[in-house]
Amino acid sequence: MINVTKTFLPDQEEYLKYVREIWDRNYVTNNGPVLKQLEAELKKYLGVEHFYFCGNGTIVLQIAIKALEITGEVITTPFSYCATTNAILWENCTPIFVDIDAKTFNINPELIEAAITPATTAILATHVYGNPCDVEAIEIVAKKHNLKVIYDAAHAFGVTYKGKSLLSFGDLSTCSFHATKVFHTIEGGALISNHPELDRKLDLLRAFGHKGDELYELAGINGKNSEFHAAMGLANLPHVPEIIQARKHVFEEYDRLLNWDILYKPLLSEHIEYNYAYYPVVFPSEAVMFKVMDALRAEDIIPRRYFYPSLNTLSFMPKQIACPVSEDIALRVLSLPLYVGLPDSDIERISGIINGHL
Ligand SMILES: *Cc1c(COP(=O)(O)O)cnc(C)c1O
């Protein structure tokens, strides 16, 4: 089977080296030395100062909303993974969907202002496929209306925008280190802050809100991660350049082989160094998309409808808001297999099947 993704695993020995240390120490979780080392190395790699390694890429969205004391309405994108919206709902806020830009598939900043009401307190936008949102335009509208900005940067590890890590924008950014992402710790996530005054709060929020047995400061949650997960991060981090290089090769092969007279894909920002996180292609219609998906599945090739459905259409959203661009693209998009070690012959075969069913 050729799946849409395949988890990168380092040589066992690279991981087991850390596991032996953990065993010797008999200290397996709760802000241990391996986790602290991973945080230090990731801060250096990303060039960020205020970085918190956490349990996953969803709890960090919830902690970000909590830390910034966001209430009421949150302007967000319908074209993302459901974790983005679910986090808003779990924090008892109301997602207000603003449609996306048909070129970048990111939230359309020109439509944000019209969605602001007296209840709006924040914007939570996703850098879809690791392609940056229009961060400048979003900052302008947020400042003007005194809104907080959170970026779901789950796809953005290893991406730089204008020379800076894409994880360093907004009041807070969150990342996911799930096994399907470009850099992973099996399960994991991170909070990246631009507010030194939030340091203590973020540190407390991810660990039940207390330090030791005496200082119970606030109602935190279990957002921690373990030494074993941190160890996977330390074992994987040195491989990131080769991982991105290998993904770039697959990406460029699809670019070369697919029929662009009929297909299209999101336009990447010119100001980035990219991580080649996903390979989405948009078909002329949902019918063509299904025809291609069925043809691929018949050969045991499993692409993913990523992202589908458009989140604004989910029945459990408190406010039903139409987003025609997102709804249209969500019906027609497929993410193609993209991972380290996908052979050229398979990329050619996949491209041939797609081109042959358009
Ligand atoms: C993967 C992902 C998440 C959730 O991350 P987990 O680590 O799986 O909780 C959130 N948002 C987006 C856009 C994602 O792709």
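See above for the structure.
Structure report, in brief. Just so it is clear, the model here is predicted, and its values are computed rather than measured.

### Concerning the site of the ligand
Near the ligand, the surroundings consist of 16 residues, among which Gly57, Thr58, Asp152, His155 and Lys181 are the closest. Take His155: an N or O atom from its side chain is 2.7 Å from an oxygen atom of the ligand. In the model, an oxygen atom of the ligand is placed 2.7 Å from a nitrogen or oxygen of the Ser176 side chain. Applying the majority rule of atoms within 2 Å of the grid points places the ligand in the largest pocket. For the shell around the ligand, the residue count by class is 4 nonpolar, 10 polar and 2 charged.

### Structural notes on the pattern of salt bridges
Tallied over the entire structure, the rule returns 19 salt bridges. Residue Lys248 pairs with Glu252 through a salt bridge whose shortest N-O separation is 3.5 Å. Separated by 4 residues within a single helix, Lys248 and Glu252 lie in helix α9 (residues 240-257), roughly one turn from each other. Using a relative accessible area of 27% as the deciding quantity, one classes Lys248 as partly exposed. The exposure class of Glu252 is partly exposed, given its relative accessible area of 38%.

### Re unusual backbone geometry
Peptide bonds are mostly trans, and most non-glycine residues show a negative phi. In this chain, Tyr306 is followed by Phe307 through a cis amide linkage whose omega measures 10°. Mapped onto the secondary structure, Phe307 falls in the loop between β15 (301-302) and α11 (324-332). For the peptide bond that leads from Tyr308 to Pro309, omega is -5°, which places it in the cis range. You can see Pro309 is positioned in the loop between β15 and α11. Despite not being glycine, Asn31 shows a phi value in the positive range, around 55°. Here Asn31 shows up in the loop between α1 (12-25) and α2 (33-46). Residue Asn31 is classed as partly exposed on the basis of its relative accessible area of 33%. A positive phi angle, close to 65°, is found at Phe208, a residue other than glycine. On the secondary structure map, Phe208 appears in the loop between α7 (199-205) and β11 (210-211).

### Some words on the sheet that holds strand β5 (residues 120-126)
Taken in spatial order, the 7 strands line up as β2-β10-β9-β6-β5-β3-β4 in an open sheet, and their pairing is mixed. A strand with exactly one partner marks an edge of an open sheet, and here the two such strands are β2 (50-54) and β4 (94-97). Here the average twist between neighbouring strands, direction ignored, is 25°. Examined bridge by bridge, strand β3 (residues 73-76) and β5 share 4 bridges and lie parallel to one another. Bridge pairing links Glu73 to Thr120 in β5. The strands that helix α3 (residues 59-67) touches are β2, β5, β6 (148-152), β9 (172-176) and β10 (189-193); relative to β9, the one it contacts most, it runs at about 165°.

### Points about empty space enclosed by the protein
Taken as a whole, this structure holds 3 cavities of 30 Å³ or more when the rule is applied. Approximately 70 Å³ is the volume found for the largest cavity. For the largest cavity, the full set of lining residues is Thr5, Lys6, Thr7, Phe8, Ala179, Thr180, Lys181, Val182, His184, Ile243, Arg247 and Val340. Here the lining of the largest cavity gathers at least three residues from each of two domains, domain 1 (12-238) and domain 2 (239-356).

Calculation criteria
- Residues numbered from 1 in each chain as written.
- Predicted model: local features only at pLDDT ≥ 70, side-chain atom pairs only at ≥ 80, totals over all residues.
- Heavy atoms only, no water.
- Near = heavy atom within 4 Å.
- Polar contact = N/O pair within 3.5 Å; in protein donor to acceptor, adjacent residues only side chain to side chain.
- 1 Å grid on protein atoms, 1.4 Å probe; cavity = no way out; pocket = protein on both sides within 12 Å on 5 of 7 lines; lining within 4 Å.
- Sits in = over half its atoms within 2 Å of the grid points.
- Nonpolar A, V, L, I, M, F, W, Y, C, P; charged D, E, K, R; others polar.
- Salt bridge = Lys/Arg side-chain N within 4 Å of Asp/Glu carboxyl O.
- Helix = DSSP H or I, 4+ residues; strand = E, 2+ residues; numbered from the N terminus.
- Buried < 20%, exposed > 50% of the residue type's maximum accessible area, 1.4 Å probe, protein only.
- Pairing = 2+ DSSP bridges.
- Axes fitted to C-alpha atoms, helices over the stretch in contact; angles between N-to-C directions.
- Contact = heavy atoms within 4.5 Å.
- Points joined across faces, edges and corners; volume = space filled by probe spheres on them.
- Domains from an automatic or database assignment.

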